[in-house]
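# A closer look at the structure
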Amino acid sequence: MTEVSDWRFRRYRYRLIGSRCRECGETSYPPRRRCARCGGATEEYQLPRRGRVVHYTLLKALPTRYNRYRPYYLAVVELSDGTRVIGMLTDVDEPSEGMEVEATLRKLYTYGEDGKIIYGVKFRPVL
Amino acid sequence: MRPTREVGIYGYGAYIPRYIIENRDIADLWGRDATPIKSKSFPSYDEDTITIAYEAALRAIESSGADRSLIGAVFIGSESKPYAVKPSGTVVAEALGLSRNILSADYEFACKAGTEAMQTVFGLVSSGMIRMGLAIGADTAQGRPGDELEYTAAAGGAAYIISRVEDGVLARLEASYTYVSDTPDFWRRSLEEYPRHLYRFTGEPAYFHHIMSSVKGLFDEYGYSPSDFKYAVFHQPNYKFPTRVAKKLGFTMDQIKPGLVVALVGNTYSGSSLLGLAATLDVAQPGDKILLASFGSGAGSDSMVFEVTDLIEERRMKPPVSKLISRMVPGDYATYAMFRDILRR
Ligand SMILES: [Zn+2]
């Protein structure tokens, strides 16, 4: 990733915008051009913000730009419409399977002291 | 001030980070006895003014059901902008999915920048230049380790969607007032990490003089008195100042209590009085009048009068400020120092 390619993805990073298959309705995040299930054409789709933790794992070894932000939990979250997405958890001490979470905007990492701050969706326990 | 076409609050939202540090822990570290408040909030390692502004604004939109496409302005008042140059509002607007035809700027007037943003949006909405606008006050305030401000400088914010009264508001703006003067009570020079303050100016010449002048000016011009109000909210740099200014102006403890969140949350700077207003709207009933008076160092105060309408019940913020506070968990000084980037690996 660079400061430029990070910017290009901001739309999907900021807002949980995924894709939905025009043929079979399969949803995915991040968005895909072609449906993973039937190969059909897709359209942009706003995913719901709420969901539940299905699996999680603690990540410790990360690129240096994550230094301030490690370790963190990476989780598979099943959103309320059934879509499964992979996302970082925040504001959790110890996650649990089934934990109710909602998407919010947090800092993902920064490019050094004078570089861009990259923001994106993370999941935290429902307020 | 009274806008020509009537405006008010369409929706409101607030946000406080999850972590608090006890004043006792800070005082023990520096060998001090007295503490100004009980605890203060601090941002997680991945939070800043932009993410706090986003959380507050999102809650305002979702709780009120406001149509995002009608929002024509995002003004964020803060003294802790993540970028010295690069607007916070454009990130917040894109993350919220707002239109690209929006006015946006970051406002700075120490702790008064949030109400300054509200005054601006009142004017823009009333004139018809925009249909609705977001005014946000949010901060992750800095206090030098060991300094007096370290006990109170906290993180949090609140957001207000302003619309014309005919679009349906939960509180109607009756009047506002402002009072400013060049007073050197507190400042932070460009490129400096921490602010400085002149103790000589902090209380009477700054906080008390400006809030009293702004509230008295408002009362004189529009004929209000303290008994007209069910509630009052004053800027909360600590517990003592707002309770004393309320008393001096003739308000009772019952009037200020619902909005007085400083003892547990701390001083959220640009978010402070707006967070107090949110906590007050959480409990207000139709017909209640609320006085809001901010204070910003440098110095100035905005005061505003709102009357709550029948729409309050359906538009109340979910969850309320009390829930945001009750979910908070204590962190020790080491966690605080790491999350605040005072201590680095
Ligand atoms: Zn398909």
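Residues numbered from 1 in each chain as written. Chains lettered and ligands numbered in written order. Predicted model: local features only at pLDDT ≥ 70, side-chain atom pairs only at ≥ 80, totals over all residues. Heavy atoms only, no water.

The next subject is the overall build of chain B. For chain B, the count of helices and strands is 12 helices and 14 strands. Taking 20 Å as the expected radius of gyration for a compact globule of 345 residues, we find that chain B reaches 18 Å, a close match to that expectation. Principal-axis analysis of the C-alpha atoms gives chain B an extent of 55 × 45 × 35 Å. Burial status across chain B gives 62% buried among its 345 residues. At a minimum sequence separation of 6, the contacts of chain B that also span at least 24 residues come to 77%. For chain B, the exposed area adds up to about 12700 Å²; of that, 52% sits on carbon and sulfur atoms. Positive and negative side-chain charges of chain B, numbering 37 and 41 respectively, have mean locations separated by a distance of 1 Å. (Helix = DSSP H or I, 4+ residues; strand = E, 2+ residues; numbered from the N terminus. Rg over C-alpha atoms; globule rule 2.2 N^0.38 Å. Buried < 20%, exposed > 50% of the residue type's maximum accessible area, 1.4 Å probe, protein only. Contact = heavy atoms within 4.5 Å. Areas by Shrake-Rupley, 256 points an atom, 1.4 Å probe, with all protein chains shown as cover. Lys, Arg positive; Asp, Glu negative; His and termini not counted. Charge placed at Lys NZ, Arg CZ, Asp CG, Glu CD.)

All names here are of chain B. By size, the foremost hydrophobic cluster in this structure holds 78 residues, and its most contacted members are Ile-9, Leu-134, Ile-136, Tyr-160, Leu-281 and Phe-306. No other element matches the nine residues that helix α2 (residues 49–64) contributes to this core. Setting aside residues no more than four positions away along its own chain, Leu-281 makes contact with Ile-9, Tyr-12, Tyr-160, Leu-170, Ile-290, Val-308, Ile-312 and Arg-316. (Core = buried A, V, L, I, M, F, W, Y, C linked by side-chain atoms within 4.5 Å.)

Backbone-to-backbone hydrogen bonds join strands into a sheet, with any given pair of strands oriented parallel or antiparallel. Residues and elements named next belong to chain B. With mixed pairing, nine strands are arranged side by side in an open sheet as β5-β4-β6-β7-β1-β8-β13-β12-β11. The outermost strands of the open sheet, each flanked by one partner alone, are β5 (103–107) and β11 (231–234). Pairs of neighbouring strands in the sheet enclose a mean axial angle of 20°, with direction left out of account. Bridge count between strand β12 (residues 289–293) and strand β13 (residues 300–308): five bridges; the pairing is antiparallel. Residue pairing in the sheet places Leu-292 in a bridge with Met-304 of β13. (Pairing = 2+ DSSP bridges. Axes fitted to C-alpha atoms, helices over the stretch in contact; angles between N-to-C directions.)

Glancing now at the domain arrangement of chain A. All names here are of chain A. By domain assignment, chain A separates into domain 1 (1–47) and domain 2 (48–127). On a C-alpha basis, the centres of domain 1 and domain 2 stand 18 Å from each other. On the side of domain 2, 19 residues touch domain 1, which itself brings 15 residues to the contact. Carbon and sulfur atoms make up 58% of the surface buried where domain 1 meets domain 2, a total of about 1300 Å² over both sides. Where domain 1 meets domain 2, there are zero salt bridges. Where domain 1 touches domain 2, the interface holds seven residue pairs in polar contact (both at pLDDT 80 or more). The residue makeup of the side of domain 1 that touches domain 2, split by class, is seven nonpolar, four polar and four charged. (Domains from an automatic or database assignment. Buried area = accessible area lost by both parts, 1.4 Å probe. Salt bridge = Lys/Arg side-chain N within 4 Å of Asp/Glu carboxyl O. Polar contact = N/O pair within 3.5 Å; in protein donor to acceptor, adjacent residues only side chain to side chain. Nonpolar A, V, L, I, M, F, W, Y, C, P; charged D, E, K, R; others polar.)

Counting from both sides, the interface comprises 25 residues of chain A and, opposite them, 32 residues of chain B. Where chain A abuts chain B, roughly 2600 Å² becomes buried across the two surfaces, and 46% of that area is made up of carbon and sulfur atoms. Counting across the interface, chain A meets chain B through nine salt bridges. Note that Arg-10 of chain A and Glu-94 of chain B form a salt bridge whose closest N and O atoms lie 3.1 Å from each other. The interface formed by chain A and chain B holds 15 residue pairs in polar contact (both at pLDDT 80 or more) in total. Looking at the side of chain A that touches chain B, the elements with two or more residues in it are α2 (10–15), β7 (100–110) and β8 (117–125) of chain A. Across the side of chain A that touches chain B, the residue classes tally to nine nonpolar, three polar and 13 charged.

With that settled, consider helix α1 (residues 23–30) of chain B. All names here are of chain B. Listed as buried for α1 are Asn-23, Ile-26 and Ala-27. All buried residues of α1 project into a common sector of 95° when viewed along the axis, lining one side. In this structure, the buried side of α1 is in contact with β2 (19–22), β3 (39–42) and α12 (333–339). Positive backbone phi, at 65°, marks Gly-31, one or two positions downstream of α1. (Arc of directions from axis to C-beta.)

This part covers the domain arrangement of chain B. All names here are of chain B. Taken as a whole, chain B is organised into domain 1 (7–170 + 316–339) and domain 2 (171–314). Distance from the C-alpha centre of domain 1 to the C-alpha centre of domain 2: 16 Å. At the boundary of domain 1 with domain 2, total buried surface from both sides reaches about 4400 Å², with 61% on carbon and sulfur atoms. Considering only the surface of domain 1 that becomes buried against domain 2, Cys-111, Leu-170 and Arg-316 emerge as the three largest contributors, covering 19% of it. Between the two partners, domain 1 and domain 2, sit two salt bridges. Close ionic contact of Asp-302 with Lys-112 constitutes a salt bridge, the shortest N to O distance being 3.0 Å.

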